[in-house]
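The residues making up each chain are set out below.
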Amino acid sequence: MKQEVASKLTIADPYLTPEFLRRFLDERTKSWKIRVITSKEHFNETSPNAIDLKISHPNLEVRFDSLFHDRLLCRDDEEIYTFGASLKDTMNGRVSFFQRIYDQQQTTLCIALLEESWGKAKPR
């Protein structure tokens, strides 16, 4: 899925950490607009990884909100993927259910909820 992103990626995952994002984002993702909605409890914005992310990915913006318990990933405002475990856990070898939502009404609703959360979320 990541290789299909053209220019924008939005992730809602309350358990994301700067360490995960440093491993997940690469050279190709530097030109993307990346929006992350997570929780302050898990995202230490003063960690060395968070500071490195600010420098290496200037188009990355992290905001904090508690609307989502489920994890969602939105590719280019067109496709929604949902997954069970946090993305950070899948990078550590944990198994998680991961699927695309094909129903257009569900996709539209999820995108609207992501935008609502983004609009009310507090920037770092």
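Given the structure is predicted, the values throughout are model-derived calculations rather than measurements.

Undergrad: Explanation requested: the nonpolar core in the structure shown.
TA: Buried together is how nonpolar side chains tend to be arranged in soluble globular proteins. Membership of the largest hydrophobic core comes to 21 residues, with the highest contact counts inside it found for Leu9, Leu21, Leu25, Val36, Leu60 and Leu73. Only strand S1 (8-12), helix H1 (18-24), strand S2 (33-38), helix H2 (48-56), strand S3 (60-64) and strand S5 (79-83) provide two or more residues apiece to this core. Other than its neighbours up to four places away in sequence, Val36 contacts Ile11, Leu16, Leu21, Leu60, Glu61, Val62, Arg63 and Trp118. Counting residues in each nonpolar core, the second largest holds 11 residues, with Phe68, Leu72, Cys74 and Ile111 among its members.

Undergrad: Could you clarify how one ought to interpret the sheet that holds strand S4 (residues 71-75) in this entry?
TA: Picture the strands of a sheet paired through backbone hydrogen bonds; they go either parallel or antiparallel. Sheet architecture is open: seven strands sit in the order S6-S5-S4-S1-S2-S3-S7, paired in mixed fashion. Single-partner strands in this sheet number two, and they are strand S6 (98-101) and strand S7 (122-123). Where S2 and S3 come together, five bridges link them in parallel fashion. When the sheet's bridge partners are listed, Val36 is paired in S3 with Val62.

Undergrad: Can you walk me through the side chain of Ser39 in this structure?
TA: As for its position among the elements, Ser39 is in the loop between S2 and H2. Of the residues examined, Ser39 reaches a relative accessible area of 10% and is grouped as buried. Looking at Ser39, its side chain comes within polar contact range of the main-chain oxygen of Pro14, at 2.5 Å. Side chain to side chain, Ser39 and His42 meet in a polar contact 3.2 Å long.

Scoring rules and cut-offs
Residues numbered from 1 in each chain as written. Predicted model: local features only at pLDDT ≥ 70, side-chain atom pairs only at ≥ 80, totals over all residues. Heavy atoms only, no water. Core = buried A, V, L, I, M, F, W, Y, C linked by side-chain atoms within 4.5 Å. Buried < 20%, exposed > 50% of the residue type's maximum accessible area, 1.4 Å probe, protein only. Helix = DSSP H or I, 4+ residues; strand = E, 2+ residues; numbered from the N terminus. Contact = heavy atoms within 4.5 Å. Pairing = 2+ DSSP bridges. Polar contact = N/O pair within 3.5 Å; in protein donor to acceptor, adjacent residues only side chain to side chain.

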